[in-house]
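Spelled out from the first residue to the last, the chains are:
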Amino acid sequence: ELSRGKHVGHPATMSASAARRRKQLLQKKKSQESNGEDNSMIVRIESLLAQSEKSEDSAEAESIAYEALQLAQSSVRKCVKSNDGLKAFRLASSVIIPLLNRGYVAMASQLCVQMVDALFETHTAVCDEVLKGLKEIDSNFRNALGKITCASEEEEQEKVRLQKLHLQFLRKIVKYSDDLGTVRFGDMALHSLLARVAWDMGERADAVMHFALAEEPETIVDKLMTLPPKTEYVAGTPAAERDVLLTRGVLLFVAVENLRDANRLLRTFIAKDTERDAVQLAKSYMAKDGKKPTHVTFCCALIRICETEAAPLFSWLVRSFQSELGRYPELQGYTTKIGRVYFNIQPPPSMMSMMENMMTAMNPGAMMGGM
């Protein structure tokens, strides 16, 4: 036997095809077991949510809902461990919406954070399913907040806290759509949702930025027209808030090379600002009688100069308006970027960091806070 090349005492080795088949069967078995566990977990979560809804004892209902939240969080962690972000999203969203519908906004917010973190950690690309789900969650979030009635100052403070959690959630999903999506600066519909909530929360500068990134110049004007104009000029005092926000919007549109919407924003604003004469504003801007330069005229000149690429005029315009721009240091980053992009005016080294910070601020994740 030895002369024939056989090795007595050694078992025959498995062929490559048989080894592959065995591996496939093991993976299939493992997947089936995992799916079985997941299905059992989902059934358990749904059962708990149903129990919570039926319970007439509010404390008991909340306790049961919290147990469902904990199970969902555990399941999401397992999905992240297996690098299945889409599965984590589906599972989390199926629990978040019932929690919101039952008024458990704080619990839902916790799961929202974990859900979006799972999308980041698994590098799950933005897709129509996720965008649709995020918008549905936002809608339910707003409905849940709208149902909250406050009978005391403490309850008012709690509602404001929950509204801030909603705003942070929107900032987080906009950042996700920017980082892992294909649209520059993130999905425009999500920017619009964020802008509306930010405006209602009194964060108007942030709102204008996101309305601009959503390419909604007319909406910006509608919001600005709800703010009071400044009827009289007092030396040394700032301009009306709506004028400053107009300049912010125009600067952002121009900085991202969207002159079309910069023009739409300005023209729509002038058409609705019937209390002032644009021609007289321009004359006042050029006069040397000490009158305050107007934001409207500055914006008109800025757009025209960028369209004609007149670098000397741009430098003069920024200098002439420095008394107003200097009140809002963050705007200097916009003018610096505009000078570099349109006129090849290179900023000094000290300005580079400011410009980088400005571009970071245009990134939707910059305003996320401590989420």
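Our subject is the structure that appears above.
Please read these numbers as outputs of a predicted model, since none were measured by experiment.

Enquirer: Before we go on, may I ask you to explain the environment of Glu-257 in this structure?
Expert: Take Glu-257: it is sitting in the loop between helix H10 (241-255) and helix H11 (259-272). Looking at Glu-257, the relative accessible area reads 52%, which means it is exposed. A C-alpha to C-alpha distance of 8.4 Å links Glu-257 and Val-341, two positions 84 residues apart in sequence. Residues within four places of Glu-257 in sequence aside, it is in contact with Val-341 and Tyr-342.

Enquirer: In this structure, what is going on with unusual backbone geometry? I would like to understand it.
Expert: Only a minority of non-glycine residues have a phi that is not negative, and only a minority of peptide bonds are not trans. The backbone of His-123 shows a phi angle near 55 degrees, a positive value even though the residue is not glycine. Mapped onto the fold, His-123 is located in the loop between helix H4 (105-121) and helix H5 (128-146). Taking relative accessible area as the criterion, His-123 reaches 61% and is therefore assigned exposed. With phi around 55 degrees, Asn-344 is a residue other than glycine that occupies positive phi space. By relative accessible area, which is 56% here, Asn-344 ends up exposed.

Enquirer: What is the right way to look at helix H13 (residues 295-308) in this model?
Expert: Working note: α-helix, 3.6 residues per turn, so residues spaced by three or four point in the same direction. For H13, which comprises 14 residues, the first-to-last C-alpha distance of 20 Å matches the rise-based estimate of 20 Å (1.5 Å per residue) to within 8%. Here H13 has its buried residues at His-295, Val-296, Thr-297, Phe-298, Cys-299, Leu-302, Ile-303, Ile-305 and Cys-306.

Enquirer: Which parts of the structure should I look at to understand the packing of aromatic side chains?
Expert: Working definition: an aromatic ring pair is given by the centre-to-centre distance plus the angle between the planes. For the coordinates displayed, the defined rule picks out five aromatic pairs. Ring geometry for Phe-120 and Tyr-176: centres 5.8 Å apart, planes at 85 degrees, overall edge-to-face. On the criterion of sequence distance, the pair formed by Phe-120 in helix H4 and Tyr-176 in helix H6 (residues 153-179) is long-range, its members being 56 residues apart. Grouping aromatic residues by their ring pairs yields a cluster made of Phe-314, Tyr-342 and Phe-343. We note Arg-204 situated over the ring of Trp-199; from NZ or CZ to the ring centre the distance is 5.6 Å.

Enquirer: What should I look at first to understand the nonpolar core in this one?
Expert: Considering soluble globular proteins, one finds that nonpolar side chains tend to be buried as a cluster. Of all hydrophobic cores here, the largest spans 98 residues; its most connected members are Leu-302 and Ile-338. Non-local contacts of Leu-302, meaning those with residues more than four positions away in its chain, are made with Val-250, Leu-251, Val-254, Phe-314, Leu-317 and Ile-338.

Enquirer: Sorry, what's going on with the environment of Leu-180 here?
Expert: Within the secondary structure layout, Leu-180 lies in the loop between H6 and helix H7 (188-200). For the pair Leu-180 and Ala-125, spaced 55 residues apart in the sequence, the C-alpha separation amounts to 5.2 Å. If sequence neighbours within four positions are ignored, Leu-180 has contacts with Leu-119, Phe-120, His-123, Thr-124, Ala-125 and Val-126.

Enquirer: How do you make sense of the packing of helix H2 (residues 58-81) against H4 when you look at a structure like this?
Expert: Two measures define how a pair of helices packs: the angle their axes make with one another and the distance between the axes. Two elements in contact, H2 and H4, have axes separated by 10 Å at closest approach and are oriented at 5 degrees. Taken together, the axes of H2 and H4 are roughly parallel relative to one another. Of H4, the residues touching H2 (which contributes Glu-62, Ala-65, Tyr-66, Leu-69, Ala-72, Gln-73, Val-76, Arg-77 and Val-80) are Met-107, Gln-110, Leu-111, Gln-114, Ala-118 and Glu-121. Along the lines of polarity and charge, the residues of the contact of H2 with H4 split into nine nonpolar, three polar and three charged.

Enquirer: Just to check I follow, could you spell out the packing of helix H9 (residues 217-224) against H10 for this structure?
Expert: As a packed pair, H9 and H10 sit with axes 10 Å apart at the nearest point and diverge in direction by 170 degrees. Comparing their axes, H10 and H9 come out roughly antiparallel. H9 and H10 meet at a crossing whose hand is right-handed. Contacts between H9 and H10 involve Pro-217, Ile-220 and Leu-224 from the former and Arg-242, Leu-245, Leu-246 and Phe-253 from the latter.

Enquirer: Got a minute to help me understand the state of the cysteines in this structure?
Expert: Throughout this description, disulfide means a covalent bond between two cysteine sulfur atoms. Here the structure, examined in full by the defined rule, presents zero disulfides. Among the cysteines around Cys-300, which has no disulfide bond, Cys-299 carries the closest sulfur, lying 7.2 Å off.

Scoring rules and cut-offs
- Residues numbered from 1 in each chain as written.
- Predicted model: local features only at pLDDT ≥ 70, side-chain atom pairs only at ≥ 80, totals over all residues.
- Heavy atoms only, no water.
- Helix = DSSP H or I, 4+ residues; strand = E, 2+ residues; numbered from the N terminus.
- Buried < 20%, exposed > 50% of the residue type's maximum accessible area, 1.4 Å probe, protein only.
- Contact = heavy atoms within 4.5 Å.
- Expected span 1.5 Å × (residues − 1).
- Phe/Tyr/Trp six-rings, centres within 6.5 Å; stacked < 30°, edge-to-face > 60°.
- Lys NZ or Arg CZ within 6 Å of the ring centre and 35° of its normal.
- Core = buried A, V, L, I, M, F, W, Y, C linked by side-chain atoms within 4.5 Å.
- Axes fitted to C-alpha atoms, helices over the stretch in contact; angles between N-to-C directions.
- Parallel < 35°, antiparallel > 145°, perpendicular 65-115°, else oblique.
- Nonpolar A, V, L, I, M, F, W, Y, C, P; charged D, E, K, R; others polar.
- Left-handed = near helix turned anticlockwise from the far one by under 90°.
- Disulfide = S-S within 2.5 Å.

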